[in-house]
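Listed below, chain by chain, are the residues.
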Number of protein chains: 2
Amino acid sequence: MPEQTIHMIDLIRRKRDGGELTPEEIQFLVAGAASQSISQAQLAAWLMAAWIRGLSRNELHALTTAMRFSGEVFDPTPLGKTAVDKHSTGGVGDKTSFLVAPIAAAAGLAVPMISGRALGHTGGTLDKLESIPGYRTLLSSEEFSAVLEKAGASIIGQTQNLVPADRVLYALRDHTGTVESPYLICASIMSKKLAAGLNALVLDVKTGSGAFLRNYADAEFLARLMVRTGEDAGIRIAALLTRMDEPLGRFSGNWLEVWESVELLQNKRHPISADLLELSLVLAGWMIYLGGKAGNAEAGRQRAEELIVSGAAYQVFEQMVAAHGGDTNLFRNPAAFHKPAGLRVLTASRGGYLAAVDCTQVGWAVQRLGAGREQVGGPVSAHAGLEMHVKLGARIQAGEPLCTLFTEEPHRLDQPEQMLRAALTIADEPPQIARMIRQVITSNDIRSAEP
Amino acid sequence: MPEQTIHMIDLIRRKRDGGELTPEEIQFLVAGAASQSISQAQLAAWLMAAWIRGLSRNELHALTTAMRFSGEVFDPTPLGKTAVDKHSTGGVGDKTSFLVAPIAAAAGLAVPMISGRALGHTGGTLDKLESIPGYRTLLSSEEFSAVLEKAGASIIGQTQNLVPADRVLYALRDHTGTVESPYLICASIMSKKLAAGLNALVLDVKTGSGAFLRNYADAEFLARLMVRTGEDAGIRIAALLTRMDEPLGRFSGNWLEVWESVELLQNKRHPISADLLELSLVLAGWMIYLGGKAGNAEAGRQRAEELIVSGAAYQVFEQMVAAHGGDTNLFRNPAAFHKPAGLRVLTASRGGYLAAVDCTQVGWAVQRLGAGREQVGGPVSAHAGLEMHVKLGARIQAGEPLCTLFTEEPHRLDQPEQMLRAALTIADEPPQIARMIRQVITSNDIRSAEP
């Protein structure tokens, strides 16, 4: 056996001491993680060293690239369209995927979107889609291509073979307290997005009381890292820093979010959904612009609005759901399909303004109602969830409904009700509310100021 | 099952973020390491975080204590004597244990000494003792007590049950690049020494070209940590920072070092052994002082010298070796037992002064001659090794012998010869030579300046 020139112990020691690994060394590490030829203990030591010391631009590019190619990659080239996607760092009531994917597809782009399940206090796109009877989230590569060919957009779950190195490393990070590194988060997200063969990507990086990164500076740092990493991988990319300080739109919960999205796509506008529509149009506008179908993001946004008004986006959504096996007849009256076993209306104990929302607590309450899982692989309820009747800054009378809780197991209502009561603050003065889009970071911003 | 209140993931995250663990949390971690109920990956992540962030005084005390009591502990109380020991951080030709243990025992102290094997470029006390035919280094606790009762001193190997947490953590540190942390080194050394039930301990912390810690500041930092940790454990302790910039004494190698020690104990003084004798007398003097058998270290040193001159120390050594099953008849003429299969004399290629020694390289040459192991558990040669004919600063004529290489496999001579030639520097000017004892650190020094 020829002597192996790279030794994992040397890579650990170098990162421990704040040094830099070469692309070949990072490739060795990622291949060893995927094939399990490097021990979990050595990987854990390296991950902790990387968590504390950080990664250089070259290291992050090499890590993302090695992870991206650690398994099967999807090639959208045969579709003959520019492939675009949107990624969100996660929030409560965040259902923009259901709007932006059909809008971008209706604009002539391909949207091969690989999504996840409920995590922590946030819901999961796949769980929401599976509340549509018949919708299959696990497709083969061939089926995925076929849906994209037919509908222009497809939202599926991660296959076993896509980025296997991330599967190993993510499980290990979760086990060893090394999740919250912007570098490791960036490599994990970007490797999966890049493995889908995208030409352009829009990032929705949430900040505020319901975001994983509550601190604005942390969110901005991650956004810059991701834009730079996308740039280094040769795709068009932009990141929007958006506010997540109350549930996005009207509903949080699985079928409830499909319902809200379908109505918006059907051009039925509810006042409580206004923030969701606004954010979705801006995100879709950036996708259309970066995908080359508009001269700038503002023109893209106008195009997005037209594609909703014309019904073109709704048509894509219906085709996509049908191609996945989902029952689109329910979309004629989505409210009628919503059959929770119990509900409770939370009313204001005093008058004033809705001044603050502990949105992470709201998210946990929604999960406890049954929308999330008690344990990995467990079931989720289609009909559990929350309807907000007021938004941050609203003038409220004592006794006025603030929100309605829905569940399939009525004995579950008490704890979430208490959590929600504690999470909503009514005060005498109206709050300062941040703009929905707080900052946009593009390649140009990255070139001018290195993180 | 009641919920466990301590979770390893929280301990990892706290140390990762530079926080402090409570004694209960450290106890949980050490118990989990010893019982293997905490995964290697989680331990590795914590060790890396501790390597980079360091440990507070309370954490180091708690870690050392928890490790100390993770298995069986030895109780020397029934011996009715004060128990003392000496620990060296390791060097080339370092055989002071063979002198200080019998001297301290002859002074009326108990010396329960638990030693190690060859490691890296340094020789191992147990390997040296096993070059004495019949010497058993693995004794039960009962046998250990019996030898101590009879001879006053016993040098044995670490039993399976002594500090099992260190065994797990050390193997993991070796595997994950987390060996060279002064905090983790301190806990590893001190837990084992304290598990032997010592009342007093003298540390020989080496610095220079043959030491593991070449940098003086690093050695001093470790010395202060160890003195403070001993202090916190309630023992009397002092650390001597000593020079290790050339092999200590005349010989390096297994039987060769027994030979040199026996002759010194027999009061036969060889000029090249002068530095070894000097250091041994100072160390033994501190042991005698800290063990309460002299009013200060200088008085202890004088007592040590008397115990050699009187033959009392030699008598203890002979009794100890006999009690371990070793053949003491060989001590009548140790040179006669030395039967290497081949030797080579290295001579000076030019005249001048012996100006510098790359002592780590000298150590590796000695190990390559056969005194060390090719792999863990492999055999070592009793008769391989090195004799130095000159010391640092010596005036040398061209062609004069510098050292003699001994081996049991004559084909092995070439590479060590080259290494030694490269390791010894002859120059026109005499070098600056540091004092043997560069600094003494006692509890008083620790109290006045916290590391």
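Quick caveat, the model's predicted, so the values are computed rather than measured. Residues take numbers from 1 onward in each chain, read along the sequence in its written order. Naming scheme: in the order in which they are written, chains are lettered from A and ligands are numbered from 1. Local features in this predicted model are restricted to residues whose pLDDT is 70 or higher, and side-chain atom pairs enter the listing and the counts only when it is 80 or higher, whereas totals over whole chains, interfaces and linings include all residues. As a convention, hydrogens and water are excluded, and side-chain values are obtained from all of the structure's heavy atoms.

Draft legend 1. Region of the structure containing the overall build of chain A. Numbered from the N terminus, helices here are DSSP runs of H or I no shorter than four residues, and strands are runs of E no shorter than two. For chain A, the count of helices and strands is 18 helices and 13 strands. Summarising its shape, the C-alpha atoms of chain A cover approximately 75 × 45 × 45 Å along the three principal directions. For the exposure calls, accessible area comes from a 1.4 Å probe over protein chains only, and a residue counts as buried if that area is under 20% of its type's maximum, exposed if over 50%, partly exposed in between. Relative to its 451 residues, chain A shows a buried fraction of 57%. Any two residues having at least one pair of non-hydrogen atoms within 4.5 Å are treated as being in contact. A separation threshold of at least 6 residues defines the contact pool for chain A, and within that pool the share at least 24 residues apart is 78%. Exposure was quantified through the Shrake-Rupley algorithm and a 1.4 Å probe, taking into account, for residues, occlusion by the shown protein chains and nothing else. When the accessible surface of chain A is summed, it comes to about 17,100 Å², and 49% of that surface belongs to carbon and sulfur atoms. Here the positive residues are Lys and Arg and the negative ones are Asp and Glu; neither His nor the chain ends is included. A charged residue contributes its charge at one atom only: NZ of Lys, CZ of Arg, CG of Asp or CD of Glu. Of the side-chain charges in chain A, 43 are positive and 48 negative, and the distance between the mean point of each set is 2 Å.

Draft legend 2. Region of interest: the sheet that holds strand E12 (residues 424–427) of chain B. Residue and element names in this part refer to chain B. Strands are labelled as partners when DSSP assigns at least two bridges between them. Reading across the sheet, the three strands line up as E10-E8-E12 and stay open at both edges, with antiparallel pairing between neighbours. For this open sheet the edge positions go to strand E10 (395–396) and E12, each flanked by a neighbour on one side alone. Interaxial angle, 0 to 180 degrees, is taken between N-to-C directions of lines fitted to C-alpha atoms, where a helix line uses only the stretch in contact. Here helix H17 (residues 414–423) sits on the sheet and contacts strand E8 (352–357) and E12; the angle it forms with E12, its principal contact strand, is near 40°.

Draft legend 3. Fine view of the interface of chain B and chain A. Chain B puts 23 residues into the contact, and the matching count from chain A is 23 residues. Every case where a carboxyl oxygen of Asp or Glu lies within 4 Å of a side-chain nitrogen of Lys or Arg is listed as a salt bridge. Between chain B and chain A we count four salt bridges in total. The partner of Arg13 of chain A in a salt bridge is Glu180 of chain B, with the nearest N and O atoms 2.6 Å apart. Elements represented by at least two residues in the side of chain B that touches chain A include exactly helix H1 (8–16), helix H3 (40–53) and helix H8 (164–176) of chain B. Ranked by residue count, the leading element in the side of chain B that touches chain A is H3 of chain B, at 10 residues.

Draft legend 4. Region of interest: the relation of the copies chain B and chain A. For the least-squares superposition of copies, only C-alpha atoms count, and only for residues with pLDDT at least 70 in both. Laying chain B over chain A is done by rotating through 180° and shifting 0.1 Å along the axis; what remains is an RMSD of 0.1 Å. Taken together, the rotation and translation describe the operation of a two-fold axis. Taking the C-alpha atom as reference, chain B places Ala41 of chain B closest to the rotation axis, 2.0 Å from it. A shared binding surface is used by both copies, with 100% of the interface residues of chain B retained as interface residues in chain A.

Draft legend 5. Geometry of the domain arrangement of chain A. For chain A, the assigned domains read domain 1 (8–54), domain 2 (77–333 + 436–449) and domain 3 (337–427). Domains are outlined according to an automatic or database domain assignment. A straight line from the C-alpha centre of domain 1 of chain A to that of domain 3 of chain A covers 44 Å.

Draft legend 6. Quick peek at unusual backbone geometry. Of note, the phi angle at Val163 of chain A is positive, near 50°, even though the residue is not glycine. Its location among the elements puts Val163 of chain A in the loop between strand E3 (153–157) and helix H8 (164–176).

Draft legend 7. Expanded view of the packing of aromatic side chains. Residue and element names in this part refer to chain A. Two aromatic rings, drawn from Phe, Tyr or Trp (for Trp, its six-membered ring), form a pair once their centres lie within 6.5 Å of each other, and the interplanar angle then sorts them: stacked below 30 degrees, edge-to-face above 60, tilted otherwise. According to the stated counting rule, one finds 16 aromatic pairs over all chains in the structure shown. Both rings, one in Phe98 and one in Phe317, keep their centres 6.3 Å apart while their planes meet at 55°; by these two values the pair is tilted. Residue Phe98 is located in helix H5 (residues 97–106), and its partner Phe317 is located in helix H14 (residues 312–323); the two are separated by 219 residues in the primary sequence. The residues Phe98 and Phe317 share a single accessibility class, namely buried.

Draft legend 8. Geometry of the environment of Tyr353 of chain B. Along the chain, the position of Tyr353 of chain B falls in strand E8. Sequence separation of Tyr353 of chain B and Ile426 of chain B is 73 residues, and the distance between their C-alpha atoms is 5.3 Å.

Draft legend 9. Main features of the pairing of strand E8 (residues 352–357) of chain A. All names here are of chain A. Relative to strand E10 (residues 395–396), E8 is paired through two bridges, and the arrangement is antiparallel. By the bridge assignment for E10, Gly352 is matched with Ile396. With four bridges joining them, E8 and strand E12 (residues 424–427) adopt antiparallel strand pairing. Note that in E12 the partner of Ala356 across the bridge is Thr425.

Draft legend 10. Quick look at helix H11 (residues 254–265) of chain A. All names here are of chain A. A helix is expected to span 1.5 Å for every residue after the first. The end-to-end C-alpha distance of H11, which contains 12 residues, comes to 17 Å, matching closely the 16 Å that a straight helix rising 1.5 Å per residue would cover. The element H11 is extensively covered by neighbouring structure, given that 12 of its 12 residues are classed as buried. For H11, the set of buried residues is Asn254, Trp255, Leu256, Glu257, Val258, Trp259, Glu260, Ser261, Val262, Glu263, Leu264 and Leu265. The positive-phi residue at the C-terminal boundary of H11 is Asn267, with phi of around 70°.

Draft legend 11. Structural detail: the environment of Pro379 of chain B. Counting through the fold element by element, Pro379 of chain B comes out in the loop between helix H16 (359–371) and strand E9 (385–388). Every residue in contact with Pro379 of chain B, bar those within four places of it in the chain, is listed here: Gly372 and Arg373 of chain B.

Draft legend 12. How the structure looks around the pattern of salt bridges. Here the structure, examined in full by the defined rule, presents 61 salt bridges over all chains. A salt bridge links Arg373 of chain A to Asp127 of chain A, with the nearest nitrogen and oxygen atoms 2.7 Å apart. Taken together, the residues span a long stretch of sequence, with Arg373 of chain A in the loop between helix H16 (359–371) and strand E9 (385–388) and Asp127 of chain A in helix H6 (residues 125–129) at a distance of 246 residues. Through salt bridges that share partners, Arg13, Arg16 and Asp17 of chain A together with Glu180 of chain B make up one connected network.

Draft legend 13. Fine view of the sheet that holds E9 of chain B. Residues and elements named next belong to chain B. Ordered by their spatial adjacency, four strands build an open sheet running E6-E9-E11-E7, and the pairing between neighbours is antiparallel. Strand pairing shows two members of the sheet lacking a second neighbour, strand E6 (251–253) and strand E7 (342–347), which therefore form its edges. On average, adjacent strands in this sheet sit at an angle of 15° to one another, irrespective of strand direction. By the bridge criterion, four bridges tie E9 to strand E11 (residues 401–407) in an arrangement that is antiparallel. Within E11, the residue paired with Gly385 across the bridge is Phe406. Set on the sheet, H16 makes contact with E6, E9 and E11; between it and E9 the angle comes to about 135°. Relative to E7, H17 is tilted by about 25°, and along the sheet it contacts E7, E9 and E11.

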